[in-house]
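Residues per chain, in single letters:
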Amino acid sequence: SCLETLFKLRQYCVVYEFYSRFSRYDINSDTYWQAVRVALRHGYRWDDTQEINDWCDMISDLRELRLDTRNPHYICPANLQEAHIFWNERRRKLEEARREQQELQEVLAYEPVFKANREQFFGMVFTDKKIEIQIIPTAMGIKEEGKAMHHCVGGYYNHPDSLILSARIDGRRIETIEVSLSDYKLVQSRGLQNKATRDHKRIVSLINSNMEEIRKRNSEHQLKLAV
């Protein structure tokens, strides 16, 4: 058996990993045992518990990447540490791509709701001849704004109380603005990576001086919905 072979080869660290920490692998334990058998047949060995721990993590990454966990090419690396880091990074990128795809679908599904809740502000523009501020007209646009500006506003597309606007100069993003639609106050105005810009005070002043326009548009819209 595999267990007997492990003892004969004095691979006690493998036994320790699978029996002392077995709960980590119980769901797919056979995957790991089969991989161990193949590795042993190809002369692969582990020197300590850290190596077998990293190796098991690598097997988990290979499974998630849908690669053959019985293929010596994958499971018997010449440099375990490098292979562990490489496959873990591949898995991280895959999971990140999956999350982005899921988020994309959620944003697209929300677009009709976003339009219904924000159409009263479409076409609204505030300008002092240098700075131009207008609503970001789509949920996807808010997502893209957050990504471009490297801040968290990209997740605000489905916040019913938050009106998100973009301040720009010659079409270039300067700051992203959040206005509360419950008390009509400026919540925040952030530039790249949440930093304030040299035009921050000017942007704040432009928003505050036009807050009544935001209130009027939203109040009229709410009255129409109530009729």
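Model, not experiment: these values are computed from the prediction.

Student: Would you mind showing me how to read the layout of surface pockets here?
Tutor: If a probe the size of a water molecule is rolled over the atoms, the empty space left behind becomes visible. Roughly 260 Å³ of internal volume is contained in the largest pocket. Taken together, Glu100, Glu103, Leu104, Val107, Met140, Lys143, Glu144, Gly146, Lys147 and Gly154 form the lining of the largest pocket. Looking at the lining of the largest pocket, the elements with two or more residues in it are α6 (80–118) and α7 (139–149). Class assignment for the residues of the lining of the largest pocket results in 3 nonpolar, 2 polar and 5 charged. When its volume is computed, the second largest pocket comes out at roughly 180 Å³. Going through the elements one at a time, α4 (49–64) and α6 are the ones with two or more residues in the lining of the second largest pocket. Element by element, the count of residues in the lining of the second largest pocket is highest for α4, at 3 residues.

Student: When you look at the side chain of Glu145 in this model, what are you seeing that I'm missing?
Tutor: Positionally, Glu145 belongs in helix α7. Of the polar contacts made by the side chain of Glu145, one reaches the side chain of Arg173; its length is 2.7 Å. Beyond its immediate sequence surroundings of up to four residues, Glu145 is in contact with Ile136, His151, Val153, Ser166, Arg168, Arg173, Glu175 and Thr176.

Student: What should I look at first to understand the sheet that holds strand β5 (residues 186–190) in this one?
Tutor: The strands that make up a sheet pair up through hydrogen bonds in the backbone, lying either parallel or antiparallel. Strand order in the open sheet formed by 5 strands is β1-β2-β3-β4-β5, with antiparallel pairing between adjacent strands. A strand with exactly one partner marks an edge of an open sheet, and here the two such strands are β1 (125–127) and β5. Going from strand to strand, the sheet's axes swing by 20° on average, the running direction of each strand aside. Pairing analysis gives 3 bridges linking β1 to strand β2 (residues 132–135), with the strands arranged antiparallel. Looking across to β2, one finds that Phe126 is bridged to Ile133. Contacts from α7 reach β3 (162–169), β4 (172–180) and β5, with the element oriented near 125° to β4.

Student: Looking at this structure, I do not really get the environment of Thr69. What am I missing?
Tutor: As for its placement among the helices and strands, Thr69 is situated in the loop between α4 and α5 (72–75). What makes Thr69 buried here is its relative accessible area of 12%. Sequence separation between Thr69 and Ala39 is 30 residues, and the spatial gap between their C-alpha atoms is 9.9 Å. Discounting chain neighbours no more than four positions away, the residues touching Thr69 are Thr31, Ala35, Ile59, Leu62, Arg63 and Ile75.

Thresholds applied
Residues numbered from 1 in each chain as written. Predicted model: local features only at pLDDT ≥ 70, side-chain atom pairs only at ≥ 80, totals over all residues. Heavy atoms only, no water. 1 Å grid on protein atoms, 1.4 Å probe; cavity = no way out; pocket = protein on both sides within 12 Å on 5 of 7 lines; lining within 4 Å. Points joined across faces, edges and corners; volume = space filled by probe spheres on them. Helix = DSSP H or I, 4+ residues; strand = E, 2+ residues; numbered from the N terminus. Nonpolar A, V, L, I, M, F, W, Y, C, P; charged D, E, K, R; others polar. Polar contact = N/O pair within 3.5 Å; in protein donor to acceptor, adjacent residues only side chain to side chain. Contact = heavy atoms within 4.5 Å. Pairing = 2+ DSSP bridges. Axes fitted to C-alpha atoms, helices over the stretch in contact; angles between N-to-C directions. Buried < 20%, exposed > 50% of the residue type's maximum accessible area, 1.4 Å probe, protein only.

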